[in-house]
Amino acid sequence: MQPLDALLSKPEQRLMSAILLRPDQDFGTLELLKRMGNGRGAGSAVLKRWIAAGLLREQRVGNQRRLSANPKFVLYTELRQMVLKTVGMAEPLAKALAPLGSRVTEAFVFGSVAAGKDSSVSDIDVVVVGDVNLFDVSPLVDSAELELGRTIHVNVYSEQEWASNDPVLAAIRTGPRIDLMEAIHAETRNV
């Protein structure tokens, strides 16, 4: 069981992941229903409920209804962080990095995504620290890149490099982050 399973059904998690990972993008109703993988009736009921609550914004373009995340929704930031830490971003990245789990001491998302200032075209910045190199990591993140529909930029550091006094690394170490280690450990237990 995944953490969000206690709060949302799998179709709702897929829907929330789609809209909250691309906050500046709008979607057609059929596109969202397809992403949910749910029956039209049940999916439409979820969309109506989320529009009524204010989580989704509705806009008419001709005769088409376009839906997007509403960043002014009272729980927007918290929901987005929950999705990013679980099904949205952490899960695909953790699955990708799991084969290296025993050799990695730190892994996290940083930059605009972690700060909540990204757009649908922003890349995903990831730090991986441990006994690995870029040639180990890069091929593994290709599947996550396809699944997330965004470019993943991986920064790989040895323990010694990561502990250095480099001002850029110091800024990354102290900046906002979405930790991936718990999800990587969970994935390695499931393998």
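Residues numbered from 1 in each chain as written. Predicted model: local features only at pLDDT ≥ 70, side-chain atom pairs only at ≥ 80, totals over all residues. Heavy atoms only, no water.

1. A closer look at the sheet that holds strand β4 (residues 104-110)
Consideration 1: Read across the sheet, four strands follow the order β6-β5-β4-β7 without closing on themselves; strand pairing throughout is mixed. Whereas interior strands pair on both sides, the edge strands pair on one side only; in this sheet they are β6 (152-157) and β7 (178-179).
Consideration 2: In this sheet, strand β5 (residues 124-130) lies alongside β4 in antiparallel orientation, the contact comprising six bridges. Across the sheet, the residue bridging to Phe 110 is Asp 125, located in β5.
Consideration 3: Sitting on the sheet, helix α7 (residues 134-148) is in contact with β5 and β6, with an inclination near 155 degrees to β6. (Pairing = 2+ DSSP bridges. Helix = DSSP H or I, 4+ residues; strand = E, 2+ residues; numbered from the N terminus. Contact = heavy atoms within 4.5 Å. Axes fitted to C-alpha atoms, helices over the stretch in contact; angles between N-to-C directions.)

2. Here we look at the pairing of β5
Consideration 1: For β5, the buried fraction is high: seven of the seven residues fall into the buried class.
Consideration 2: Judged by which residues are buried, β5 turns out to be covered on both faces: Ile 124, Val 126, Val 128 and Gly 130 on one side and Asp 125, Val 127 and Val 129 on the other are all buried.
Consideration 3: Taken together, the six bridges between β5 and β6 define a ladder with parallel strand orientation. Directly across from Val 129, in β6, lies its bridge partner Tyr 157. (Buried < 20%, exposed > 50% of the residue type's maximum accessible area, 1.4 Å probe, protein only.)

3. Digging into the side chain of Arg 22
Consideration 1: On the secondary structure map, Arg 22 appears in the loop between α1 (10-21) and β1 (27-28).
Consideration 2: Here Arg 22 occupies a buried position and makes no salt bridge, while the nearest side chain of opposite charge, Glu 31, is found at 7.5 Å.
Consideration 3: Excluding residues within four positions of it along the chain, Arg 22 makes contact with Phe 27, Arg 35, Ser 120, Leu 148 and Gly 149. (Lys, Arg positive; Asp, Glu negative; His and termini not counted. Salt bridge = Lys/Arg side-chain N within 4 Å of Asp/Glu carboxyl O.)

4. Focus: the packing of helix α4 (residues 76-88) against helix α5 (residues 90-97)
Consideration 1: Across the interface, α4 lies against α5 with an axial gap of 5 Å and an inter-helix angle of 35 degrees. Along the contact surface, α4 presents Leu 84, Lys 85, Thr 86, Val 87 and Gly 88, while α5 presents Ala 90, Glu 91 and Pro 92.
Consideration 2: Residue composition of the contact of α4 with α5, grouped by class: four nonpolar, two polar and two charged. (Nonpolar A, V, L, I, M, F, W, Y, C, P; charged D, E, K, R; others polar.)

5. A short note on the sheet that holds strand β3 (residues 64-69)
Consideration 1: The antiparallel open sheet is built from three strands, whose spatial order is β1-β3-β2. Since the sheet does not close on itself, it has two edges, and those belong to β1 and β2 (56-61), each with one partner.
Consideration 2: Here β1 runs beside β3; their pairing, made up of two bridges, is antiparallel. Bridge pairing links Gly 28 to Arg 66 in β3.

6. Side note on the environment of Val 132
Consideration 1: Position of Val 132 relative to the elements: it lies in the loop between β5 and α7.
Consideration 2: By relative accessible area, which is 11% here, Val 132 ends up buried.
Consideration 3: As a C-alpha pair, Val 132 and Ala 45 span 87 residues in sequence and 47 Å in three-dimensional space.
Consideration 4: When sequence neighbours within four positions are dropped, the list of residues in contact with Val 132 reads Leu 100, Arg 103, Val 104, Val 137 and Val 156.

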